[in-house]
Amino acid sequence: MKNESVWKDFRRYVSFNILGQMAYSCYTLADTFFVAASLGANGLTALNLAFPVFCIISGTGLMIGMGGGTQYSIAKSRGEDGKGNQVFTSAVYMVVCLAALFVLSGILFSGSFAKALGADHTVFGMIDTYLKVLLLFSPAFLTNHLLQCFVRNDGCPSLSMAAMISGSLSNVVLDYIFIFPLDMGIFGAALATGLAPVISIVVISPYLIGKRNQFHFVKSFSVAERITAIISSGIPPFVTEITSGIVMFLFNFIILRLAGNIGVAAFSIITVISLVVIAMYTGLSQGVQPIISANYGAGNAAGVKSIWKYAMITAFLLSGIIYAVIYFGASQIAFVFNSEHDAVLQAFAVVGMKLYFLACPFIGFNIVTATYFTSTERPRLAQSISLLRGFFVLVPVAFLLSSAFGMTGVWCAYPLAECVVSLIAVVFYRCFKRTSV
């Protein structure tokens, strides 16, 4: 891949994927808006308590899709088509096995999950229903992530974007129909969310039926080896997604103790905005992954460095725009989801947004850096960044700050944790950049 084409490829892949991921984040945005309008604060609380399970499903799909897509793209750029097909085959096996596990969990354990997530008697029924439907549709979520990532790495990012947007728009329309005209409540919100990936798969299917794809299912005798490589490359996006779930679960636990259900409802507003924000950075990272992998596989060190530079500039520009919108529009954003005009909820949400989203530049830097290491076959560095973000820094910081400063400490824990991880990521990059390509 010639250096002069790098900027063109960067613009094409990144723009498509940021737009697609923003559309994808409308899953939660639509659910939250319509549930808030119809079920009020209890509905918001139920959604937020249930949403870590969605993050686990989505993170698993991204792990398989992006991990497999990275391995496929590197193999393809080296002319190893047979190896690329083996990667796809192994990824399909992973989807089948994990989807079966999720479905079984939904049938047998949705009530137990609801209790474990902190549901009390006022929201237990809603959470149980939402989780059951979500887990039963997990095969569609996993398959959708798999196909979108492989289509993107197959040189067709526009189709991947079209599939994401189609699914998200259908989710918005179905949310409205199921919740209001049909009065299906939380079940309608969950059903609309579950049907969205089915529609995305339908959009992608002509590409597969017409045999335009270069990846194929084949007989493979090295499935275990390929699965290990897929998981290794897919852990960073998995942990990035799981981090959202961990933040929700951890913060829900802390906030329930500090401010009760109304505090969790306020955090639900912050959560839904956070998912849109993270979707932009995820779109950026998914956009650069195929072209970094392709340049790396082709031995184009200059191209890899150029893409890294473009990605960092884009991440910081995005961060500035995002935070400005949130800081000056916090009151209006909170009001949209505060259908009962609760003054306490409004105050919590406005202050929370202004503090919580100070994390923006650090989130972008950490996600892109982890993707950079994954795409250049440095999965351990990427895994370290992701695990620090999701577990080893965030958890102690959240408990310490919330104990010392109450709700203010809760809101500040996330940006402080991301800042600490960014400093560590800078050290990783400086130490290993000479040998990264």
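Residues numbered from 1 in each chain as written. Predicted model: local features only at pLDDT ≥ 70, side-chain atom pairs only at ≥ 80, totals over all residues. Heavy atoms only, no water.

J.: Just to check I follow, could you spell out the overall build of the protein chain for this structure?
T.: Helices and strands together make up the secondary structure of the protein chain, namely 14 helices and zero strands. Each helix and strand of the protein chain, placed in order from N terminus to C terminus, yields the pattern α-α-α-α-α-α-α-α-α-α-α-α-α-α. Along the longest, intermediate and shortest principal axes, the C-alpha atoms of the protein chain span 60 × 45 × 35 Å. In the protein chain, buried positions account for 60% of the 437 residues. Taking the intrachain contacts of the protein chain between residues at least 6 apart in sequence as the baseline, contacts between residues at least 24 apart amount to 83%. Surface accessibility of the protein chain: about 16,400 Å² in total, with carbon and sulfur atoms responsible for 70%. Each charge sign in the protein chain was given a centre, from 24 positive and 16 negative side chains, and these centres are 14 Å apart. (Helix = DSSP H or I, 4+ residues; strand = E, 2+ residues; numbered from the N terminus. Buried < 20%, exposed > 50% of the residue type's maximum accessible area, 1.4 Å probe, protein only. Contact = heavy atoms within 4.5 Å. Areas by Shrake-Rupley, 256 points an atom, 1.4 Å probe, with all protein chains shown as cover. Lys, Arg positive; Asp, Glu negative; His and termini not counted. Charge placed at Lys NZ, Arg CZ, Asp CG, Glu CD.)

J.: Honestly, unusual backbone geometry in this entry has me stumped. Any pointers?
T.: Working note: non-glycine residues mostly have negative phi, and peptide bonds are mostly trans. Not every positive phi belongs to a glycine, and D183 is a case in point at roughly 50 degrees. By the secondary structure assignment, D183 is in the loop between α6 (157-179) and α7 (185-209). In this structure D183 comes out as exposed when scored by relative accessible area, which is 64%.

J.: What should I look at first to understand the nonpolar core in this one?
T.: Generally speaking, soluble globular proteins have nonpolar side chains that are buried together. In terms of nonpolar packing, the biggest core is built from 138 residues, with F251 and M353 touching the most fellow members. The element best represented in this core is helix α8 (residues 223-297), accounting for 27 residues. Those residues in contact with M353 that sit more than four places away from it in its chain are I269, I270, I273, I326, A330, I333 and A334. (Core = buried A, V, L, I, M, F, W, Y, C linked by side-chain atoms within 4.5 Å.)

J.: What exactly am I supposed to notice about the side chain of N338 here?
T.: If you trace the backbone, N338 turns up in the loop between α9 (301-337) and α10 (343-356). We classify N338 as buried; its relative accessible area is 4%. In this view, N338 contacts L345 and Q346; residues no more than four positions away in its chain are not counted.

J.: Any chance you could explain α10 here in plain terms?
T.: Its 14 residues give α10 an end-to-end C-alpha distance of 20 Å, which sits within 8% of 20 Å, the value for a rise of 1.5 Å per residue. Along α10, the positions that sit buried rather than exposed are L345, Q346, A349, V350, G352, M353 and Y356. The residue sitting at the N-terminus of α10 and contributing the capping side-chain oxygen is D342; that oxygen lies 2.9 Å from the backbone nitrogen of V344. (Expected span 1.5 Å × (residues − 1). Polar contact = N/O pair within 3.5 Å; in protein donor to acceptor, adjacent residues only side chain to side chain.)

J.: I tried to follow α9 on my own but got confused; where do I start?
T.: In an α-helix there are 3.6 residues to a turn, and that puts residues three or four apart on one side. For α9, spanning 37 residues, the distance from its first C-alpha to its last is only 47 Å, which falls clearly below the expected 54 Å at 1.5 Å a residue. Of all the bends in α9, the greatest measures close to 75 degrees and is centred on G329. (Bend = angle between axes of the 7 residues up to and from the residue.)

J.: Mind showing me how you'd approach the environment of T371 here?
T.: With respect to the helices and strands, the residue T371 is situated in helix α11 (residues 360-375). In contact with T371, not counting residues within four places along its chain, are S285, V288 and Q289.

J.: How do you make sense of the state of the cysteines when you look at a structure like this?
T.: Taken as a whole, this structure holds zero disulfides when the rule is applied. Take C412: it sits in no disulfide, and the sulfur closest to it among the cysteines is that of C419, at 12 Å. Taking the relative accessible area as the measure of exposure, C419 reaches 24% and is therefore partly exposed. (Disulfide = S-S within 2.5 Å.)

J.: How should a nonpolar patch on the surface be read in this particular structure?
T.: A cluster of nonpolar residues, L104, I107, L108, F109, F113 and L136, forms a patch on the protein surface that exposes about 550 Å² of accessible area. Counting residues per element, the nonpolar patch draws most heavily on helix α3 (residues 81-116), which supplies five residues. (Patch = residues over 30% accessible without salt bridge, like charges linked within 9 Å, V, L, I, M, F, W, Y side chains within 5 Å. Salt bridge = Lys/Arg side-chain N within 4 Å of Asp/Glu carboxyl O.)

J.: Looking at this structure, I do not really get the packing of α10 against helix α14 (residues 407-432). What am I missing?
T.: Two elements in contact, α10 and α14, have axes separated by 8 Å at closest approach and are oriented at 30 degrees. Between α10 and α14, the interaxial angle falls into the category roughly parallel. At the point where α10 passes α14, the crossing takes the right-handed sense. In contact with F348, V351, G352, L355 and Y356 of α10, α14 contributes M407, T408, W411, C412, Y414 and P415. In the contact of α10 with α14, the residues fall into nine nonpolar, two polar and no charged. (Axes fitted to C-alpha atoms, helices over the stretch in contact; angles between N-to-C directions. Parallel < 35°, antiparallel > 145°, perpendicular 65-115°, else oblique. Left-handed = near helix turned anticlockwise from the far one by under 90°. Nonpolar A, V, L, I, M, F, W, Y, C, P; charged D, E, K, R; others polar.)

J.: Teacher, can you tell me more about the packing of aromatic side chains here?
T.: Two aromatic rings, taken as a pair, are described by how far apart their centres are and by the angle between their planes. Within the structure shown, the criterion is met by 24 aromatic pairs. With a centroid separation of 5.5 Å and 55 degrees between ring planes, the pair formed by F10 and Y310 is classed as tilted. Note that F10 is positioned in helix α1 (residues 6-24) and Y310 in helix α9, a separation of 300 residues in sequence. For Y310, a relative accessible area of 22% puts it in the partly exposed group. Over the face of the ring belonging to Y327 we find K354, whose NZ or CZ atom lies 4.8 Å from the ring centre. (Phe/Tyr/Trp six-rings, centres within 6.5 Å; stacked < 30°, edge-to-face > 60°. Lys NZ or Arg CZ within 6 Å of the ring centre and 35° of its normal.)

J.: Is there a simple way to think about empty space enclosed by the protein in this case?
T.: Using a probe with the size of a water molecule, rolled over the atoms, empty space left in the structure can be pinpointed. Enumeration according to the criterion identifies six cavities of 30 Å³ or more in this entry. In this model, the second largest cavity occupies a volume close to 120 Å³. Around the second largest cavity, the lining comprises 14 residues; the ones closest to its centre are M66, P236, P237, S285 and T371. Counting residues per element, the ones that place at least two in the lining of the second largest cavity are α2 (26-77), α8 and α11. For the lining of the second largest cavity, the per-class residue count stands at five nonpolar, nine polar and no charged. (1 Å grid on protein atoms, 1.4 Å probe; cavity = no way out; pocket = protein on both sides within 12 Å on 5 of 7 lines; lining within 4 Å. Points joined across faces, edges and corners; volume = space filled by probe spheres on them.)

J.: What should I look at first to understand the pattern of salt bridges in this one?
T.: Opposite charge on two side chains permits pairing when their charged atoms draw close. Considering all chains together, one arrives at one salt bridge under this definition. With its nearest N and O atoms 2.9 Å apart, the salt bridge here joins E418 to R389. Remark: R389 occurs in helix α12 (residues 379-392) and E418 occurs in helix α14; sequence separation between them is 29 residues.

J.: Just checking my understanding: could you explain the confidence of the model for the protein chain for this structure?
T.: Low pLDDT marks regions whose predicted coordinates should not be analysed in detail. On average, the protein chain scores 85 in pLDDT, and the residues at 70 or more come to 96%. By mean pLDDT, the top-scoring element of the protein chain is α10 (93), and the lowest-scoring one is α1 (78). (pLDDT = per-residue confidence, 0-100.)

J.: Hey, could you run me through the environment of T45 in this one?
T.: As for its position among the elements, T45 is in helix α2. With relative accessibility at 0%, the residue T45 sits in the buried group. Sequence-distant contacts of T45, defined by excluding residues within four places in its chain, comprise V123, N261, V264 and A265.

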